[in-house]
Amino acid sequence: MNLQQLRYVVATAEHRTMTDAARSLYIAQPALSRAIRDLERELGMTLFARSGRGVVVTAQGRRVVKLAREALDAVHEIEGLANHTGATDAELRIASTPSLEPGLAGRLLPAYAAEHPGVRVQIVRCDGREAVVSAIRDQRADLGLTDLPVPADLVTHPLERQEIVLISPPGLELPNPVPMGRLHGMRLALPARGSTRRRELDAMFGRYAVTPTVVLETDERNGWLNAVRAGRASLLWYRGMAEQAARAGLVVRSLEPAVRRVIAVVHARRRLPLIAQDFLATAEKGTTAA
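Treat the numbers as computed from the prediction; the structure is a model and nothing was measured.

Asks: Give a description of the overall build of the chain that names residues and reports values.
Replies: Counting its regular elements, the chain contains 10 helices and 13 strands. Burial analysis of the chain (290 residues in total) assigns 46% to the buried set. Across the chain, contacts joining residues at least 24 apart in sequence account for 73% of those joining residues at least 6 apart. For the chain, the accessible area works out to roughly 14,300 Å², and carbon and sulfur atoms hold 51% of it.

Asks: Tell me what's going on with the UniProt feature "domain: HTH lysR-type" (unreviewed entry) in the chain, and back it up with residues and numbers.
Replies: UniProt's feature table lists "domain: HTH lysR-type" (unreviewed entry) at residues 1–58, given in the numbering used throughout. In the segment residues 1–58, helix accounts for 62% and strand for 14%; the C-alpha atoms at its two ends are 19 Å apart.

Asks: An account of the side chain of S96 is requested, with residue identities and associated values reported.
Replies: Inspection of the secondary structure puts S96 in strand β3 (residues 90–96). Excluding anything up to four places from it in sequence, S96 contacts E101, L104, I123, V124, R125, C126, V132 and L145.

Asks: Outline the environment of T12, listing residues and values.
Replies: Along the chain, T12 falls in helix α1 (residues 3–15). Residues T12 and Y26, 14 residues apart in the sequence, show an inter-C-alpha distance of 13 Å. Non-local contacts of T12, meaning those with residues more than four positions away in its chain, are made with T17, M18, A21, L32, I36, F48 and V55.

Asks: Which residues make up helix α2 (residues 18–25), and what are the values?
Replies: Three- or four-residue spacings in an α-helix give side chains the same orientation, since the helix completes a turn every 3.6 residues. If you check which residues of α2 are buried, you get M18, A21, A22 and S24. One side of α2 carries all its buried residues, which in axial view fall inside an arc of 160 degrees. Contacts made by the buried residues of α2 are with α1, α3 (29–43), β1 (48–51) and β2 (54–57). Downstream of α2 by one or two residues, Y26 has phi in the positive range, about 60 degrees.

Asks: Could you give an account of the environment of M241, with specific residues and numbers?
Replies: Structurally, the position occupied by M241 is in the loop between β10 (234–238) and α9 (242–247). Classification of M241 as buried rests on a relative accessible area of 4%. Ignoring anything within four residues of it in the chain, the contact list for M241 reads S99 and P102.

Asks: Before we move on, could you go through the packing of α2 against α3 and cite the residues and values that matter?
Replies: α3 packs onto α2 with a crossing angle of 105 degrees between their chain directions and a minimal axis gap of 8 Å. The angle between α2 and α3 places the two elements in the roughly perpendicular class. Across from M18, T19, A21, A22 and L25 in α2, the residues of α3 making contact are Q29, L32, S33 and I36. Grouping the amino acids of the contact of α2 with α3 by side-chain chemistry returns six nonpolar, three polar and no charged.

Asks: Go over helix α5 (residues 101–115) with me, naming the residues and quoting the values.
Replies: Given a rise of 1.5 Å per residue, 15 residues ought to cover 21 Å, and the 20 Å separating the end C-alpha atoms of α5 matches this to within 8%. Here α5 has its buried residues at E101, L104, L108, L109 and Y112.

Asks: Summarise the packing of α1 against α3; cite the residues concerned and give the values.
Replies: The interhelical angle for the contact between α1 and α3, taken along N-to-C directions, is 110 degrees, at an axis separation of 10 Å. The angle between α1 and α3 falls in the class roughly perpendicular. Between α1, through Q5, Y8, V9 and T12, and α3, the contact on the second element is made entirely by L32, A35, I36, L39 and E42. By residue class, the composition of the contact of α1 with α3 is six nonpolar, two polar and one charged.

Asks: Outline the packing of aromatic side chains, supporting the account with residue identities and numerical values.
Replies: Counted under the stated rule, the structure contains two aromatic pairs. Seen in terms of ring centroids, W224 and W237 are 5.9 Å apart; in terms of plane orientation they differ by 80 degrees. Their pairing is edge-to-face. Highlighted residues: W224 in helix α8 (residues 221–229) and W237 in strand β10, separated in sequence by 13 residues. Classification of W237 as buried rests on a relative accessible area of 5%.

Asks: I'd love a proper account of the side chain of E40, names of residues and values included.
Replies: Topologically, E40 is positioned in helix α3. According to the relative accessible area criterion, E40 is buried, its value standing at 11%. A polar contact is formed between the side chain of E40 and the backbone nitrogen of L47, at a distance of 2.9 Å. Separated by 3.1 Å, the side chain of E40 and the backbone nitrogen of F48 make a polar contact.

Asks: Could you give me a rundown of a negative patch on the surface, with the residues and numbers involved?
Replies: A cluster of acidic residues, D127, E130, D219 and E220, forms a negative patch on the protein surface. Within the fold, D219 resides in the loop between β9 (213–217) and α8. A relative accessible area of 36% means that D219 is categorised as partly exposed.

Thresholds, definitions, all that
- Residues numbered from 1 in each chain as written.
- Predicted model: local features only at pLDDT ≥ 70, side-chain atom pairs only at ≥ 80, totals over all residues.
- Heavy atoms only, no water.
- Helix = DSSP H or I, 4+ residues; strand = E, 2+ residues; numbered from the N terminus.
- Buried < 20%, exposed > 50% of the residue type's maximum accessible area, 1.4 Å probe, protein only.
- Contact = heavy atoms within 4.5 Å.
- Areas by Shrake-Rupley, 256 points an atom, 1.4 Å probe, with all protein chains shown as cover.
- UniProt positions renumbered as here; feature names shortened; annotations may be inferred.
- Arc of directions from axis to C-beta.
- Axes fitted to C-alpha atoms, helices over the stretch in contact; angles between N-to-C directions.
- Parallel < 35°, antiparallel > 145°, perpendicular 65-115°, else oblique.
- Nonpolar A, V, L, I, M, F, W, Y, C, P; charged D, E, K, R; others polar.
- Expected span 1.5 Å × (residues − 1).
- Phe/Tyr/Trp six-rings, centres within 6.5 Å; stacked < 30°, edge-to-face > 60°.
- Polar contact = N/O pair within 3.5 Å; in protein donor to acceptor, adjacent residues only side chain to side chain.
- Patch = residues over 30% accessible without salt bridge, like charges linked within 9 Å, V, L, I, M, F, W, Y side chains within 5 Å.
- Salt bridge = Lys/Arg side-chain N within 4 Å of Asp/Glu carboxyl O.
- Lys, Arg positive; Asp, Glu negative; His and termini not counted.
- Charge placed at Lys NZ, Arg CZ, Asp CG, Glu CD.

Okay, here's the thing in structure tokens:
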């Protein structure tokens, strides 16, 4: 058994279909299937039971997958030790949503870079929470910055609570804070129907028995802001974006009652590379979950 075979086993267990696992590994699906069959013959055990289009990890397979993850984590940590001895080509990949990226770039990254100047940080830009989760699962990112909740297969480290605010074009006669009832009939730009964030906002509207007038449905953040700048709609967004909105001449108001979301660093349930552990320590030192 070699490291490549270990990666194949772990990817197949995580994705539960040969097609998805092969895609994440950038190899052809038949090649992955042959490699898994060869490994099963070598070990004299069945790791995966075929079920329809997918695979199910067997009892023996679960043990092998657990040990394979531990072995790969150990290899990553050994590689991390080299990065901590003066190498300058270490790279930390952090997935983030556009709403949270300014806070990441403005606060967390400078603090981390000051302590670890030899590490390059790549921000993996994701359209939303689901995309952050996918980037972590597909191993395109070591860490993710997103709001909660996320699926239970990820580990969460809450950092802070961010307030949801109303961002409006100038000229609207509204109090500050804005009572939830005033959202009824208000012209709003909202995430696309069917998205997780839209379902959460619709649930909030339902709790307060309000029905806004939806003038724009999109997951493009620039589309939201453009609609507000043009005076077509208001927008519900994070307080962390208030400075950007104010610079654009928009008005930021709190809601009553206040609405807050927990922001967290998330990662897969495996031992983190040392550079990722260091980033997590920096983030938890610099922020607190209220």
